[in-house]
Amino acid sequence: MKQKMIKWIGVLYIAVCVLNCAAEVFAEDMAEEMSLEEKVAQMFIVLPESLVDVDIVTAAGEITEAAINEMPVGGMIFMDQNLESEDQIREMMGNLQTYSMNRIGLPLFTCVDEEGGSVARISGKFDVPCIGDMCDIGASGDVNAAFETGHIVGRYLSDLGFNVDFAPDADVLSNPDNEIVKYRSFGDDPDLVAEMAMAVVNGLQESGVCGCLKHFPGHGATEGDTHEGYAYTGKTMEEIRQCELIPFAEGAGQGVDFIMAGHISLPEILEDNTPASLSHTMITDVLRGELKYDGLVVTDALNMGAISQIYSSSSAAVQAVLAGNDLVLMPEDFEEAYNGVLQAVKAGTISEERVDESVRRIIRVKQKMMS
């Protein structure tokens with residue numbers, strides 16, 4: 001009996017290796033078939049209004065189809081103004097996926113911020129279960145409740161046509177005066193936050209939606225709000241290793257599909273005020289190198305004050321790619337940001353290999369969505 005079990009474990013291991021190899025070959029082949037312009041476009045997740053000349057987008061028709069044909073972006077993120085009714089959302093999402101598949105042969109990342117509590121686009125607005133603040137789940141210590149929350153959210157998001165939820169918040173609330181993530185965080189215990197956050201991710205994933213741990217390297221210790229402007233933590237590298245990085249290390253080890261990089265400055269580590277999201281040290285050396293993460297790294301929104309008050313859309317996007325991000329989220333001026341990255345590649349500032357590396361990761365995740 002034991003020998004048979006060992007044999008089947010070996011067969012399963014070989015099958016997984018074959019599937020992983022096939023997925024990598026598919027990603028490499030598809031990336032090779034894309035033009036540089038298509039590959040750069042895949043690295044952007046934008047507001048629908050960034051693609052079409054409409055103040056508020058609530059439908060996807062011929063104008064949107066033409067825009068996607070011209071600029072096959074990797075994804076779109078939807079805000080309150082884009083979401084009017086359940087039927088309207090389903091129709092819009094279905095059309096967008098048809099246009100993306102017809103144009104590039106890959107689905108669109110259809111993204112939303114649905115954490116629960118004060119950060120929710122669907123719960124509290126539509127006929128779905130009401131999801132409360134994550135701090136209450138953290139305080140309960142009930143990991144099953146965290147999983148079930150992710151499962152519930154994933155079910156209604158998937159039903160509406162979303163495939164990526166920029167949640168949960170994996171920030172450890174190490175600064176009790178931090179009002180930005182006070183109710184969004186699971187708490188001040190890094191091990192508990194790691195366990196709770198991954199339970200939510202697993203619940204989302206079981207319902208067919210990718211979760212995203214945010215905001216690397218951790219917003220819970222900061223002073224200030226990156227939505228408005230500069231926010232920093234004075235912690236050292238060793239201090240964040242012992243606290244803030246723990247949930248992200250857990251996510252990296254479990255192969256979470258997305259990690260979002262926050263615009264947090266770490267002057268004690270970087271010796272300047274560069275936001276973590278634009279830092280090669282934090283994204284490539286720490287997240288990729290030290291934590292061994294090989295999933296998708298997406299910036300926090302580049303139209304937030306911590307970025308837009310200091311950087312142009314072009315320079316922010318270029319620095320984000322150079323830092324090691326795979327996906328650039330919500331640049332203030334998408335056209336400027338896209339052209340900035342494209343010209344940087346053509347000029348040799350960004351290598352095409354750097355772009356290909358990200359595009360292969362994007363394709364791998366999208367391939368899973370298609371299977």
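Criteria and thresholds
Residues numbered from 1 in each chain as written. Predicted model: local features only at pLDDT ≥ 70, side-chain atom pairs only at ≥ 80, totals over all residues. Heavy atoms only, no water. Axes fitted to C-alpha atoms, helices over the stretch in contact; angles between N-to-C directions. Helix = DSSP H or I, 4+ residues; strand = E, 2+ residues; numbered from the N terminus. Parallel < 35°, antiparallel > 145°, perpendicular 65-115°, else oblique. Left-handed = near helix turned anticlockwise from the far one by under 90°. Contact = heavy atoms within 4.5 Å. Pairing = 2+ DSSP bridges. Buried < 20%, exposed > 50% of the residue type's maximum accessible area, 1.4 Å probe, protein only. Polar contact = N/O pair within 3.5 Å; in protein donor to acceptor, adjacent residues only side chain to side chain. Expected span 1.5 Å × (residues − 1). Patch = residues over 30% accessible without salt bridge, like charges linked within 9 Å, V, L, I, M, F, W, Y side chains within 5 Å. Areas by Shrake-Rupley, 256 points an atom, 1.4 Å probe, with all protein chains shown as cover. Salt bridge = Lys/Arg side-chain N within 4 Å of Asp/Glu carboxyl O. Lys, Arg positive; Asp, Glu negative; His and termini not counted. Charge placed at Lys NZ, Arg CZ, Asp CG, Glu CD.

1. What about the packing of helix H13 (residues 313–323) against helix H14 (residues 334–347)?
Here is step 1 of the chain: Remark: H13 packs on H14, axes separated minimally by 7 Å, with the N-to-C direction vectors making an angle of 50 degrees. Put simply, H13 runs oblique to H14. Here the hand of the crossing between H13 and H14 comes out right-handed. Facing H13, whose interface residues are Ser313, Ser314, Ala317, Val318 and Val321, H14 presents Glu336, Ala337, Gly340, Val341 and Ala344.

2. Quick look at the sheet that holds strand S4 (residues 164–165)
Here is step 1 of the chain: Strand order across the open sheet formed by 5 strands is S4-S3-S2-S1-S8, with parallel pairing between neighbours. The strands lining the two open edges of the sheet, one partner per strand, are S4 and strand S8 (328–329).
Here is step 2 of the chain: Bridge count between strand S3 (residues 109–112) and S4: 2 bridges; the pairing is parallel. By the bridge assignment, cysteine 111 is partnered in S4 with valine 164.

3. A closer look at the side chain of asparagine 163
Here is step 1 of the chain: Among the structural elements, asparagine 163 can be located in the loop between helix H6 (143–160) and S4.
Here is step 2 of the chain: Given a relative accessible area of 10%, asparagine 163 falls into the buried group.
Here is step 3 of the chain: A polar contact of 2.9 Å, which involves the side chain of asparagine 163, links it to the backbone oxygen of leucine 108.
Here is step 4 of the chain: Of the polar contacts made by the side chain of asparagine 163, one reaches the backbone nitrogen of threonine 110; its length is 2.8 Å.
Here is step 5 of the chain: Contacts of asparagine 163, omitting those with residues within four sequence positions, involve Gln97, Leu108, Phe109, Thr110, Val209, Cys210 and Met369.

4. Topic: the side chain of asparagine 178
Here is step 1 of the chain: One can find asparagine 178 in the loop between S4 and helix H7 (190–206).
Here is step 2 of the chain: A distance of 3.2 Å separates a polar side-chain atom of asparagine 178 from the backbone nitrogen of valine 181.
Here is step 3 of the chain: Excluding residues within four positions of it along the chain, asparagine 178 makes contact with Leu173, His219, Gly220, Ala221 and Thr222.

5. Details of helix H15 (residues 352–370)
Here is step 1 of the chain: In this model, H15 (19 residues) spans 26 Å end to end at C-alpha, consistent with the 27 Å of a helix rising 1.5 Å per residue.
Here is step 2 of the chain: Where H15 is concerned, the buried positions are Arg354, Val355, Asp356, Ser358, Val359, Arg361, Ile362, Ile363, Val365 and Lys366.

6. Some remarks on the sheet that holds strand S6 (residues 258–261)
Here is step 1 of the chain: One open sheet accounts for 3 strands, arranged S5-S6-S7; its pairing is parallel. Both outer strands of the open sheet, strand S5 (212–216) and strand S7 (296–299), are each paired with one neighbouring strand and no more. The sheet shows a mean angle of 25 degrees between the axes of neighbouring strands, direction not considered.
Here is step 2 of the chain: For S6 and S7, the ladder comprises 4 bridges, and the chain directions are parallel. The residue bridging methionine 260 from the neighbouring strand is valine 298, located in S7.
Here is step 3 of the chain: The sheet contacts of helix H11 (residues 280–290) involve S5, S6 and S7, and relative to S5 the element is tilted by about 130 degrees.

7. A look at a negative patch on the surface
Here is step 1 of the chain: On the surface, Glu70, Glu332, Asp333, Glu335 and Glu336 cluster together to form a negatively charged patch.
Here is step 2 of the chain: Topologically, glutamate 336 is positioned in helix H14.
Here is step 3 of the chain: On the basis of relative accessible area, glutamate 336 is assigned to the partly exposed category, the value being 31%.

8. Digging into a nonpolar patch on the surface
Here is step 1 of the chain: A contiguous nonpolar patch, built from Phe26, Met101 and Met370 and spanning about 230 Å² of accessible area, is present on the exposed surface.
Here is step 2 of the chain: Of note, methionine 101 is situated in helix H4 (residues 86–104).

9. Concerning the pattern of salt bridges
Here is step 1 of the chain: By the definition in use, this model includes 23 salt bridges.
Here is step 2 of the chain: A salt bridge links lysine 368 to aspartate 257; the shortest N-O distance between them is 2.8 Å. Of this pair, lysine 368 sits in helix H15 while aspartate 257 sits in the loop between helix H9 (246–254) and S6; the two residues are 111 residues apart in sequence, bridging distant segments of the chain.
Here is step 3 of the chain: Judged by its relative accessible area of 7%, aspartate 257 falls in the buried class.
Here is step 4 of the chain: With a closest N to O distance of 2.5 Å, aspartate 326 and arginine 288 form a salt bridge. With aspartate 326 in the loop between H13 and S8 and arginine 288 in helix H11, the pair connects residues that are 38 residues apart, well separated along the chain.
Here is step 5 of the chain: The exposure class assigned to aspartate 326 is buried, which follows from its relative accessible area of 0%.
Here is step 6 of the chain: Salt bridges here are not isolated pairs; linked through shared partners, they connect Arg288, Asp294, Asp326, Arg354, Glu357, Arg361 and Arg364.

10. Structural notes on unusual backbone geometry
Here is step 1 of the chain: The amide bond that connects lysine 214 to the next residue, histidine 215, takes the cis arrangement and shows omega of 5 degrees.
Here is step 2 of the chain: Secondary-structure assignment places histidine 215 in strand S5.
Here is step 3 of the chain: The omega torsion across phenylalanine 216 and proline 217 is 0 degrees, close enough to zero to call that bond cis.
Here is step 4 of the chain: Of note in this structure, lysine 292 is not a glycine but carries a positive phi near 60 degrees.
Here is step 5 of the chain: With relative accessibility at 64%, the residue lysine 292 sits in the exposed group.

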